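Topology and contacts: notes
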Amino acid sequence: MTKEKKNNDAVKEVVFRQVAEEWFAFLKPQLKESSIVKYRNILNLYLLPEYGERPIAEIGRSDIMAFGNELLTNGGKKQEGLSPKTVMGIIAVVKSIFGYAAQELEFPVSDIKGVYVKQPQKSLRVLSRLEQQKVNRYLSRNPSLCNLGILTCLYTGLRIGEICALKWGDIRFDEQYLYVHKTMQRLQTLSEEGERTAVLISAPKSECSVRKIPIPNELFRLLVDYRRPDEAYFLTGYSERYMEPRTMENRFKLMLSHCGISNAHFHTLRHTFATRCVELGFDVKSLSEILGHSTVNITMNRYVHPSMELKQKNMNMLSELFLERA
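Residues numbered from 1 in each chain as written. Predicted model: local features only at pLDDT ≥ 70, side-chain atom pairs only at ≥ 80, totals over all residues. Heavy atoms only, no water.

Let us look at the sheet that holds strand S1 (residues 171-172). If you trace the three strands from one edge of the open sheet to the other, you get S1-S2-S5, paired in antiparallel fashion. Both edges of this open sheet fall to S1 and strand S5 (211-214), since each of them pairs with a single strand only. Pairing of strand S2 (residues 177-180) with S5 involves four bridges; the strand directions are antiparallel. Note on S5: the bridge partner recorded for Tyr179 is Lys212. (Pairing = 2+ DSSP bridges. Helix = DSSP H or I, 4+ residues; strand = E, 2+ residues; numbered from the N terminus.)

Now for unusual backbone geometry. One non-glycine residue, Glu106, lies in the positive phi region at around 55 degrees. Take Glu106: it is sitting in the loop between helix H5 (84-103) and helix H6 (129-141). Residue classification places Glu106 among the exposed residues on the basis of a relative accessible area of 66%. Even without being glycine, Gln176 reaches a positive phi, approximately 60 degrees. (Buried < 20%, exposed > 50% of the residue type's maximum accessible area, 1.4 Å probe, protein only.)

With that settled, consider the side chain of His293. Positionally, His293 belongs in the loop between helix H12 (284-291) and helix H13 (296-303). Residue classification places His293 among the buried residues on the basis of a relative accessible area of 10%. Setting aside its immediate chain neighbours within four residues, His293 contacts Cys208, Arg270, Ser288, Ile298, Thr299, Arg302 and Tyr303. (Contact = heavy atoms within 4.5 Å.)

Residues Met315, Leu318 and Leu321 make up a contiguous nonpolar surface patch of roughly 300 Å² in combined accessible area. Here Met315 lies in helix H14 (residues 308-316). (Patch = residues over 30% accessible without salt bridge, like charges linked within 9 Å, V, L, I, M, F, W, Y side chains within 5 Å. Areas by Shrake-Rupley, 256 points an atom, 1.4 Å probe, with all protein chains shown as cover. Salt bridge = Lys/Arg side-chain N within 4 Å of Asp/Glu carboxyl O.)

Next up on the list: the pairing of S2. One ladder, built from two bridges, connects S1 with S2; its direction is antiparallel. Among the inter-strand pairings, Arg172 is bridged to a residue of S2, identified as Tyr177. The turn linking S1 back onto S2 is made up of four residues, and Gln176 within it adopts a positive phi angle of 60 degrees.

This part takes up the nonpolar core. Side chains of nonpolar character tend, in soluble globular proteins, to be buried together. Counting residues in each nonpolar core, the largest one holds 48 residues, and the members touching the most others are Ile163, Trp168, Leu223, Phe234 and Met255. Those elements giving two or more residues to this core turn out to be H6, helix H7 (145-156), helix H8 (160-165), S2, helix H9 (217-226), helix H10 (245-259), helix H11 (267-279) and H12. The greatest single-element share of this core, amounting to seven residues, is contributed by H7. Aside from chain neighbours lying at most four places away, what touches Met255 is Val135, Tyr138, Leu139 and Ile150. Phe24, Leu43, Tyr51 and Phe107 belong to the second largest nonpolar core, which has 35 residues in total. (Core = buried A, V, L, I, M, F, W, Y, C linked by side-chain atoms within 4.5 Å.)

Right, dumping it as structure tokens:
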């Protein structure tokens, strides 16, 4: 048996776990802490139990597709199926591992680039004008830093992690804008004691999320009235105490209950902000940068769709044609 033949046989015996761990070690220095935790969890919870001891050269496209479908229908702790977005994230890790095996290690692995999970287009939940008026009324009648945070998100499009990480020093009062450069999230942590979670405050995942957002005049006047020391967190007014995203989400749900509004989550504020901006005729490039999108296409595809209220307004213009009958 030639040396080349021996090497080929050895390669065919290399199991998925070996390649996955080498891939993870290769990427780890380039990753943010949140991504490290995410990838480690995907490996431990899904990929290693499924493929860990199988030779990577024997895993084909049909295996990956079948695995994706199984996760969609029976995945998760309750075996009720994972969301398409979650499954797509898992498949993306498999693709990255296979790409590493092919390019860096020159292993004969299957080409799985075309494997994907179809993600149904979700309809965006946007507050109607009437619902937005109810929210405005409630927030103005129940002043607090938390409610000011909700109002700020409704009129700037901030994400929940961004408002939770915001400090008063990030509000540039001399130039009337918000400087967004941090986000907060609760992540699973890996330790010998088992699975735990911890709050992480870090730079946003993408560079485009670091941005300056001009503040509308009416909101700015409120911020001036509420102003706290620069080092204090926006939502608490204290430098040593923050409000984490799940607490903020609970406060938001309670506010909605008081307003008689249902079927909305905190991200609805961001959708509502973007939709109102489109209705008011915002320049899409400006709106895209305010939202922190990487491309204008993301903004166009997600938000540049007229609301029913705008459609009704446009349709009412047809009423003028009725007058021509007289």
